[in-house]
Amino acid sequence: MNTANKITILRILLIPVFMLVLMLQFKYSDLAASLIFAVAAATDGVDGYVARKYNQVTDFGKFIDPLADKLLVATALICLVDMGRIASYMAVIIIAREFIVTSLRIVAISKGVVIAAEMTGKIKTVIQIIATVCALLFYEEKFMILNWSAGYIAMFIATLFTIYSGFVYLKKNWQLISESK
């Protein structure tokens, strides 16, 4: 297993650590969980950089990297819903968008087409990561704005951008699923 794939596996291994630290709710658990989440999220850029720079792109890496990203984000969203820090519709929309885009990519592959990552998808990921950290750290009463926590507002913005990003993918690639073969 090459270095890039080991970094991706590290991201997956950090997911239960993140979840455990967050759910234990000790004095600085939110801060610790935020740091673990941020480190895990940062490994996404690192593994991609290492894979491209050192020619370590593999089929396994192409499969496991996006799966690791989706597992990390879905875990954080589910935990945040469970803790009452974000609304369930936010998690459903964000996770549904991932299923839709992944399904679209599978259809494209079956037709011999590779759908490259859109810039809106990359921006969406960064916004989701920032919003998740905000929802982990800025949920208390002192961070309230119009009865919503700053973390909730950040996740609301991430949800809106997630919808937009999904729309961009669907609009650009609609012909792949609208064609009958």
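Residues numbered from 1 in each chain as written. Predicted model: local features only at pLDDT ≥ 70, side-chain atom pairs only at ≥ 80, totals over all residues. Heavy atoms only, no water.

**Thoughts on the packing of aromatic side chains**
To keep things clear, this is the line we draw: Aromatic rings from Phe, Tyr and Trp, taking only the six-membered ring of Trp, are treated as a pair when their centres fall within 6.5 Å; an angle between ring planes under 30 degrees marks them as stacked, one over 60 as edge-to-face, and anything in between as tilted. Helix numbers and strand numbers start at the N terminus; a helix is a DSSP run of H or I with at least 4 residues, a strand a run of E with at least 2. With a 1.4 Å probe rolled over the protein chains alone, any residue whose accessible area is under 20% of its type maximum counts as buried; one over 50% counts as exposed, and the rest are partly exposed.
For the coordinates displayed, the defined rule picks out two aromatic pairs. Seen from their ring centres, F18 and F37 are 5.6 Å apart, and the 50° between their planes marks the pair as tilted. In this pair, F18 is assigned in helix α1 (residues 3–24) and F37 in helix α2 (residues 29–53), connecting sequence segments 19 residues apart. Of the residues examined, F18 reaches a relative accessible area of 0% and is grouped as buried. Relative to Y164, the ring of F161 has its centre 5.6 Å away and its plane inclined at 55°; by these criteria the two rings are tilted. Taken together, the positions of F161 and Y164, both in helix α6 (residues 150–178) and three residues apart, correspond to about one turn of that helix.

**Details of the packing of helix α3 (residues 59–82) against helix α4 (residues 88–110)**
Describing two packed helices takes the angle between their axes plus the distance from one axis to the other. Under the convention used in this document: For helices, the fitted line uses only the C-alpha atoms of the stretch in contact; every axis is such a line through C-alpha atoms, and the angle between N-to-C directions lies from 0 to 180 degrees. An angle below 35 degrees is read as roughly parallel, one above 145 as roughly antiparallel, one from 65 to 115 as roughly perpendicular, and any other as oblique. Two helices cross in a left-handed way if the nearer one is turned anticlockwise from the farther one by less than a right angle. They cross in a right-handed way if the turn is clockwise. Any two residues having at least one pair of non-hydrogen atoms within 4.5 Å are treated as being in contact. Residue polarity follows a fixed list, in which Ala, Val, Leu, Ile, Met, Phe, Trp, Tyr, Cys and Pro are nonpolar, Asp, Glu, Lys and Arg are charged, and the others, Gly among them, are polar.
Orientation of α3 relative to α4, taken along the N-to-C sense of each, is 160°, at an axis distance of 9 Å. Relative to α4, the element α3 is oriented roughly antiparallel. Between α3 and α4 lies a crossing whose hand is left-handed. In contact with K70, V73, A74, L77, I78 and V81 of α3, α4 contributes S88, A91, I94, I95, E98 and T102. For the contact of α3 with α4, the class distribution of residues is eight nonpolar, two polar and two charged.

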